[in-house]
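A look at the structure
Each chain, letter by letter, is given below.
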Amino acid sequence: MEPVPAKDSEKNWAIAAHLAPILGYFILIGQILLPLGILLFGPKSAFVQAHAKESLNAQISYTIYGLVLILLAMTIVGIVFVLPLGILLFVLVLWNMVAAALAAGRGEVYAYRFILRLIP
């Protein structure tokens, strides 16, 4: 059974958990700190916590993927693959974040695609 939001404010917090990392990308590891802040200091409802954890897992995963791309770019073979993979990662990140925010607005739980679930 998935957690159900009790109020519109919970939906807003859940939406923020998914979209705040966009601002966080302009601050060093802010994309991870913003969902973590919502998880730790936001409302303690099951709905908001589920969305904050999913967003945090996604941002940790995307950061790891980006670091791997940077390391791959340092190789001769990697130079050829980094640009297409970087564009693919960028599209995946935006697609998942927007889809998750829309699901939160509808009161649904969203599972990001292709991420590591490090925070249970």
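Digging into the environment of Gly 30
Assignment of secondary structure puts Gly 30 in helix 2 (residues 30-41). For the pair Gly 30 and Ala 20, spaced ten residues apart in sequence, the C-alpha to C-alpha distance is 8.9 Å. Gly 30 has contacts with Gly 24 and Pro 35, leaving out every residue within four places of it along the chain.

Some remarks on the nonpolar core
Ala 58, Tyr 62, Leu 89, Val 93, Tyr 110, Tyr 112 and Ile 115 are the most contacted members of the largest nonpolar core, which totals 13 residues. Of all the secondary structure elements, the ones that give two or more residues to this core are helix 3 (46-73) and helix 4 (76-105). A per-element tally of this core places helix 4 first, with seven residues.

A closer look at a nonpolar patch on the surface
Together, Leu 19, Ile 22, Leu 83, Ile 87, Phe 90, Val 91, Leu 94, Val 98 and Leu 102 line one region of the surface with nonpolar side chains, adding up to about 810 Å² of accessible area. Of all elements in the fold, only helix 1 (8-24) and helix 4 reach the threshold of two or more residues within the nonpolar patch. Sorting elements by how many residues they give to the nonpolar patch places helix 4 first, with seven residues. Residue Val 91 is classed as partly exposed on the basis of its relative accessible area, which comes to 46%.

Focus on the packing of aromatic side chains
Within the structure shown, the criterion is met by three aromatic pairs. Within the aromatic cluster, the residues linked to one another by ring pairs are Tyr 62, Tyr 65, Tyr 110 and Tyr 112.

Some points on helix 4
With 30 residues, helix 4 extends 44 Å from end C-alpha to end C-alpha; this agrees with the ideal 44 Å at 1.5 Å per step. Along its length, helix 4 shows its largest kink, about 40°, at Val 82, and proline Pro 84 lies within four residues downstream of that point. When helix 4 is considered as a whole, its buried residues turn out to be Gly 78, Val 82, Leu 89, Leu 92, Val 93, Asn 96, Met 97, Ala 99, Ala 100, Ala 101, Ala 103 and Ala 104. Turning to helix 4, the residues buried within the fold contact helix 1 and helix 3. Just downstream of helix 4, Gly 107 is the residue with a positive phi angle, here 85°.

Conventions adopted
- What you see as residue numbers is a count from 1 along each chain, following the sequence as written.
- Predicted model: local features are reported for residues with pLDDT of at least 70 only, side-chain atom pairs are reported and counted for 80 or more only, and whole-chain, interface and lining totals are derived from all residues.
- Side-chain metrics rest on all non-hydrogen atoms present in the structure, leaving aside hydrogens and water.
- For the purposes of this entry, the term helix denotes a DSSP run of H or I that reaches at least four residues, the term strand denotes a run of E that reaches at least two, and both are numbered from the N terminus.
- Here, residues are in contact when the closest pair of their heavy atoms is within 4.5 Å.
- We call a set of buried Ala, Val, Leu, Ile, Met, Phe, Trp, Tyr and Cys residues a nonpolar core when their side-chain atoms join them within 4.5 Å.
- Note on exposure labels: buried denotes an accessible area under 20% of the residue type's maximum, exposed denotes more than 50%, and partly exposed covers the range between, all computed with a 1.4 Å probe on protein chains only.
- Patch building starts from residues that exceed 30% relative accessible area and form no salt bridge, then joins like charges within 9 Å and nonpolar side chains (Val, Leu, Ile, Met, Phe, Trp, Tyr) within 5 Å.
- Note on areas: these come from Shrake-Rupley sampling with a 1.4 Å probe, and a residue is covered only by the protein chains present in the view.
- Each reported salt bridge corresponds to a side-chain nitrogen of Lys or Arg within 4 Å of a carboxyl oxygen of Asp or Glu.
- Only centres within 6.5 Å qualify two rings of Phe, Tyr or Trp (six-membered ring in Trp) as a pair; their planes then separate them into stacked at under 30 degrees, edge-to-face at over 60, and tilted for everything else.
- Expected helix span is taken as 1.5 Å per residue step, with the number of steps being one fewer than the number of residues.
- By definition, a residue's bend is the angle between the axes fitted to the seven residues ending there and the seven starting there.

All we've got here are geometric facts, nothing functional implied.
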